[in-house]
Every structure is written in structure tokens, then in C-alpha cells.
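# Examination of the molecular architecture
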Amino acid sequence: AVIGAVMSYKERKMVALVTQAVGSFIKLYLLMLFVRVLLTWFPNVDWMRQPWAILRQVTDPYLNLFRGVIPAIGGLDISPIAAFLRLICSRIRSHH
């Protein structure tokens, strides 16, 4: 027998709710990453002041996973592209 082949209405609603919450979280995190990457183009941003320090603390651990694997090309850090693609793929998977 396949486990979970038959779910009750409540179970389906719970799964849908969790899936929607995960998708919403990923969408919010993508927005935060976009703002973080966009602000790196402005050298006068003080990353030690609020709200930028919180944005950096929330997004940099995830970005650092990719920075350690993907080297910069000509001084340009392309690791955020991989980070975005990974989250977008995760978001797409959460909707299916």
C-alpha cells in the first residue's frame, strides 16, 4: 500500500497551507536577496547601520553558500545568480 495515497480533506488543506506558506516565504526571501544585491552597486550604503545590517545578516549566509563554490569572473560576483535560480526552482517545486 502507498502511504499517504488517500488523504482526508483536512490533510489536503494542511498540505496546501504549508505549501503556500513555503512559497510565500521563498518569494519574500527572493525580494530581500534582490534588494541586497541591488544595494551592493551603491558603495555609500553602510552595511553596519539599520535596516541594512539586518538585511545583510538574513541574506549573506545563503549567498555565502554560493560564493564559496562559484568564483568571481573578472571581479564580478556571479554567485547571486545561482542563489536566485536555486530559490526560483524551489518555489516552482513548491507549487507542484
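Note that the structure is predicted; figures quoted are calculated from it, not measured.

Scoring rules and cut-offs
- Residues numbered from 1 in each chain as written.
- Predicted model: local features only at pLDDT ≥ 70, side-chain atom pairs only at ≥ 80, totals over all residues.
- Heavy atoms only, no water.
- Helix = DSSP H or I, 4+ residues; strand = E, 2+ residues; numbered from the N terminus.
- Rg over C-alpha atoms; globule rule 2.2 N^0.38 Å.
- Buried < 20%, exposed > 50% of the residue type's maximum accessible area, 1.4 Å probe, protein only.
- Expected span 1.5 Å × (residues − 1).
- Axes fitted to C-alpha atoms, helices over the stretch in contact; angles between N-to-C directions.
- Parallel < 35°, antiparallel > 145°, perpendicular 65-115°, else oblique.
- Contact = heavy atoms within 4.5 Å.
- Nonpolar A, V, L, I, M, F, W, Y, C, P; charged D, E, K, R; others polar.

The helix and strand tally for the protein stands at three helices and zero strands. Across the protein, helices and strands are ordered from the amino to the carboxyl terminus as α-α-α. A compact globule built from 96 residues would reach a C-alpha radius of gyration of about 12 Å, whereas the protein, at 18 Å, exceeds it by more than 25%. Considered along the principal axes of its C-alpha atoms, the protein spans approximately 55 × 30 × 15 Å. The buried share of the protein, taken over its 96 residues, is 25%.

Here we take up helix H2 (residues 52–67). Given a rise of 1.5 Å per residue, 16 residues ought to cover 22 Å, yet the end C-alpha atoms of H2 are separated by just 20 Å, more than 12% below that figure. Taken residue by residue, H2 has Ala 53, Leu 55, Thr 59, Asp 60, Tyr 62, Leu 63 and Phe 66 as its buried positions.

Now for the packing of helix H1 (residues 9–39) against H2. Look at H1 against H2: their axes get within 10 Å of each other, and the N-to-C directions meet at 105 degrees. By the angle between their directions, the pair H1 and H2 is classed as roughly perpendicular. Counted together, Tyr 29, Met 32, Leu 33, Val 35, Arg 36 and Leu 39 of H1 and Trp 52, Leu 55, Arg 56, Val 58, Thr 59, Asp 60, Tyr 62 and Leu 63 of H2 form the full contact between these two elements. For the contact of H1 with H2, the class distribution of residues is 10 nonpolar, one polar and three charged.

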